[in-house]
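These are the residues of each chain, in order.
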Amino acid sequence: YELILLITAIVVISLVVLAVLNAVAYQAIFRKAGENSWNAFVPFKSTYTVTKIAWGKRHKLFFGLHLTCILLGWTFLLLSLFNLGTEFAKVMLCGLAVVALLFQSVRAETFRHLALAFGCSEKFVKKGLVFPISNLYKLAYGQYVFRGN
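Numbering of residues starts from 1 in each chain and follows the order in which that chain's sequence is written. Residue-level local features of this predicted model are given only where pLDDT is at least 70; pairs of side-chain atoms are given and counted only at 80 or more, and the full residue set underlies all totals for whole chains, interfaces and linings. Side-chain figures throughout are based on the complete set of non-hydrogen atoms in the structure, without hydrogens or water.

**Some words on helix α2 (residues 43-55)**
Then, number 1: In this model α2 runs 19 Å from its N-terminal to its C-terminal C-alpha over 13 residues, within 8% of the 18 Å that 1.5 Å per residue would give.
Then, number 2: Turning to α2, its buried residues are Ser 46, Thr 49, Val 50, Thr 51, Ile 53, Ala 54 and Trp 55.
Then, number 3: Here a residue-residue contact requires only that any non-hydrogen atoms of the pair lie within 4.5 Å. Put simply, DSSP H or I for four residues or longer makes a helix, DSSP E for two residues or longer makes a strand, and each gets a number counted from the N terminus. Tucked into the core, α2 has its buried residues touching α1 (2-32), α3 (59-82) and α4 (87-117).
Then, number 4: Phi turns positive, to about 65 degrees, at Gly 56, one or two residues after α2. To estimate how far a helix should extend, the number of its residues minus one is multiplied by 1.5 Å. Only protein chains enter the accessibility calculation, which uses a 1.4 Å probe. A residue is then buried if its area is under 20% of the maximum for its type, exposed if over 50%, and partly exposed in between.

**Topic: the pattern of salt bridges**
Then, number 1: Should a side-chain nitrogen of Lys or Arg be within 4 Å of a carboxyl oxygen of Asp or Glu, the pair is scored as a salt bridge. Per the counting criterion, the structure on display carries four salt bridges.
Then, number 2: The salt bridge partner of Glu 87 is Lys 90, with a shortest N-O separation of 3.4 Å. Separated by three residues within a single helix, Glu 87 and Lys 90 lie in helix α4, roughly one turn from each other.
Then, number 3: With a relative accessible area of 56%, Glu 87 lands in the exposed category.
Then, number 4: In this structure, Glu 109 and Arg 112 form a salt bridge, with 3.1 Å as the shortest nitrogen-oxygen distance.

**A word on helix α6 (residues 132-141)**
Then, number 1: Every buried residue of α6 is accounted for by Asn 135, Leu 136, Leu 139 and Ala 140. Angularly, the buried residues of α6 cover 140 degrees about the axis, an arc narrow enough to put them on a single face.
Then, number 2: Buried residues in α6 make contact with α1, α4 and α5 (122-130). This arc corresponds to the set of directions leading from the helix axis out to the C-beta atoms.

Now the structure itself:
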């Protein structure tokens, strides 16, 4: 029990640190793109602003995809938790896995468009998929200039 509690605490602290690091990087990216930099610290507003910078006129569609994945993920997770030990829970967890893959695909493609909006190469994009936080900081504090999409 204590080990599970310790592991949970480490995971939660790591996620909070990662969220803060992402927000700081996005704050600089938003500033470069001429957006309100404080949007980086507002949960859904930051996602909206990232998709707006990355996708241009098509940002509402991809913001909707982000929200749909989040809502479906939480729905599948909660339904599986309320029905633990049943076949229904297994189906819901499979659905959660599919939604998680879709969500990561949408996020990866959004990062690709974000990097291209700043004039980055495809090589930069590929490295960003492997090392997302370091390339996010390169984009935020490097020589890259927002060019639009």
